[in-house]
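Structure at a glance
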Amino acid sequence: MTSKLTTVLARAASENRAALIGYLPAGFPTVDGGIRAVNALIEGGCDVVEIGLPHSDPVLDGATIQTADDIALRGGVRITDVLRTVKEVAEAHPAAAVLVMTYWNPVDRYGIARFAADLAAAGGVGVILPDLPVEESGEWRKAAAEHGLDTVFVVAPSSRDARLAEVTAAGSGFVYAAAVMGVTGSRAQVGELAEDLVARTRAATELPVCVGLGVSTAAQAAQVAGFADGVIVGSAFVQRILDAGADEAAALDAVRALAGELAQGVRSR
């Protein structure tokens, strides 16, 4: 059975463009405000959204997302709030695919089978797990498969070809290709290693390859869309909300507008 995530990415490919994937952490700036913000990403043009599960030590994430995670955690966000965010967004936008991006520890503590079941029940289509080694992922992948969830793993420019083959064989949905060595955050230029990483990853798998870490403008989105199947943007959306301060209407307008600009970018590769 074809997963919803696969269907959404295939739909973008059929339109001769890359998919636009947006990220925001749940509970930021509040749980309700975060739900409205993720809805605004889809309204602006995102095909797929990643709901971040805030973590006290997000090793892949740079200062911008760490700030958002801290705001969410100080606001008391819980896994139940993350699942509620998924549910409300999925119900509001049935054509979009809603993922959760999380580090492994919260899933393990919540209960592997329980998390998979609850995420699927909420309408989630899969999970991105940046810190779970594929060698240790068997129990999660079994639970995910039982509930029709995709498991997305991350590859980096440092990944050797043999490692790319191992990681991509274990994953499903798409492969998250980190454009740069380092943490997330907007950058003036997208890493030069990204295109080579995409080519090497494609040699190892038929899964779509989506690129993140650093994209923040329509021009960068167009550049990445020229060689990748999807363009992932997170920190730039978070920064728009931070810049708006307490003005939620301005924050929603800002992320909706940025999504629209990026959506045009992936269509002009």
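The model shown is predicted, which means the values in this text are computed figures rather than measured ones.

As for the overall build of the protein chain
- Counting its regular elements, the protein chain contains 12 helices and nine strands.
- Taken over the C-alpha trace, the protein chain has a radius of gyration of 17 Å; the compact-globule value for 269 residues is 18 Å, and the two agree within 12%.
- Overall size of the protein chain, expressed as C-alpha extent along the three principal axes, is 50 × 40 × 30 Å.
- Per-residue burial for the protein chain yields a buried fraction of 57% across its 269 residues.
- For the protein chain, contacts bridging at least 24 residues in sequence account for 74% of all contacts bridging at least 6.
- Element-wise, carbon and sulfur atoms account for 50% of the exposed surface of the protein chain, whose accessible area totals about 10900 Å².
- Across the protein chain, 21 positive and 32 negative side-chain charges occur, with their mean positions spaced 2 Å apart.

Some words on the UniProt feature "active site" (unreviewed entry) in the protein chain
- In this numbering, the UniProt entry assigns the feature "active site" (unreviewed entry) to Glu-50 and Asp-61.
- Taking the relative accessible area as the measure of exposure, Glu-50 reaches 1% and is therefore buried.
- With near-sequence residues (within four places) excluded, Glu-50 lies in contact with Ile-21, Gly-22, Tyr-23, Leu-24, Leu-99, Met-101, Ile-128, Tyr-176 and Ile-232.

Concerning the nonpolar core
- Counting 100 residues, the largest nonpolar core has Leu-5, Phe-115, Trp-140, Phe-174, Val-211, Val-231 and Phe-237 as the members making the most contacts within it.
- In terms of residues, this core owes the most to one element, helix α12 (residues 248-266), which gives eight residues.
- Contact partners of Leu-5, with chain neighbours within four places excluded, come to Val-48, Ala-97, Leu-99, Val-125, Asp-150, Val-152, Gly-173 and Phe-174.

A short note on the packing of aromatic side chains
- Under the defined criterion, the tally for this structure stands at three aromatic pairs.
- Here Tyr-110 and Phe-115 contribute two aromatic rings whose centre-to-centre distance is 5.8 Å and whose plane-to-plane angle is 90°, an arrangement assigned as edge-to-face.
- Relative accessible area serves as the criterion here: at 13%, Tyr-110 is assigned to the buried category.
- Centre to centre, the rings of Phe-115 and Trp-140 are 6.2 Å apart; their planes meet at 55°, and the pair counts as tilted.

Focus: the pattern of salt bridges
- Scanning all chains against the criterion turns up 16 salt bridges.
- Here the residues in one salt-bridge network are Glu-15, Arg-17 and Asp-47, joined through shared partners.

Focus: unusual backbone geometry
- Of note, the amide linkage connecting Phe-28 to Pro-29 takes the cis form, showing an omega dihedral of 0°.
- Tracing the sequence through the fold places Pro-29 in the loop between β1 (19-25) and α2 (31-44).
- Backbone geometry places Asn-16, a non-glycine residue, at a positive phi of 60°.
- Locating Asn-16 in the fold gives a position in the loop between α1 (4-14) and β1.
- We classify Asn-16 as exposed; its relative accessible area is 58%.

Some points on the pairing of strand β7 (residues 175-178)
- Here β7 shows a buried face lined by Val-175 and Ala-177 and a second buried face lined by Tyr-176 and Ala-178.
- Bridging between strand β6 (residues 154-155) and β7 involves two bridges; their strand directions are parallel. Following the sheet pairing, Val-155 is matched in β7 by Ala-177.
- Where β7 and strand β8 (residues 209-212) come together, four bridges link them in parallel fashion. Directly across from Ala-177, in β8, lies its bridge partner Val-211.

Criteria and thresholds
- Residues numbered from 1 in each chain as written.
- Predicted model: local features only at pLDDT ≥ 70, side-chain atom pairs only at ≥ 80, totals over all residues.
- Heavy atoms only, no water.
- Helix = DSSP H or I, 4+ residues; strand = E, 2+ residues; numbered from the N terminus.
- Rg over C-alpha atoms; globule rule 2.2 N^0.38 Å.
- Buried < 20%, exposed > 50% of the residue type's maximum accessible area, 1.4 Å probe, protein only.
- Contact = heavy atoms within 4.5 Å.
- Areas by Shrake-Rupley, 256 points an atom, 1.4 Å probe, with all protein chains shown as cover.
- Lys, Arg positive; Asp, Glu negative; His and termini not counted.
- Charge placed at Lys NZ, Arg CZ, Asp CG, Glu CD.
- UniProt positions renumbered as here; feature names shortened; annotations may be inferred.
- Core = buried A, V, L, I, M, F, W, Y, C linked by side-chain atoms within 4.5 Å.
- Phe/Tyr/Trp six-rings, centres within 6.5 Å; stacked < 30°, edge-to-face > 60°.
- Salt bridge = Lys/Arg side-chain N within 4 Å of Asp/Glu carboxyl O.
- Pairing = 2+ DSSP bridges.

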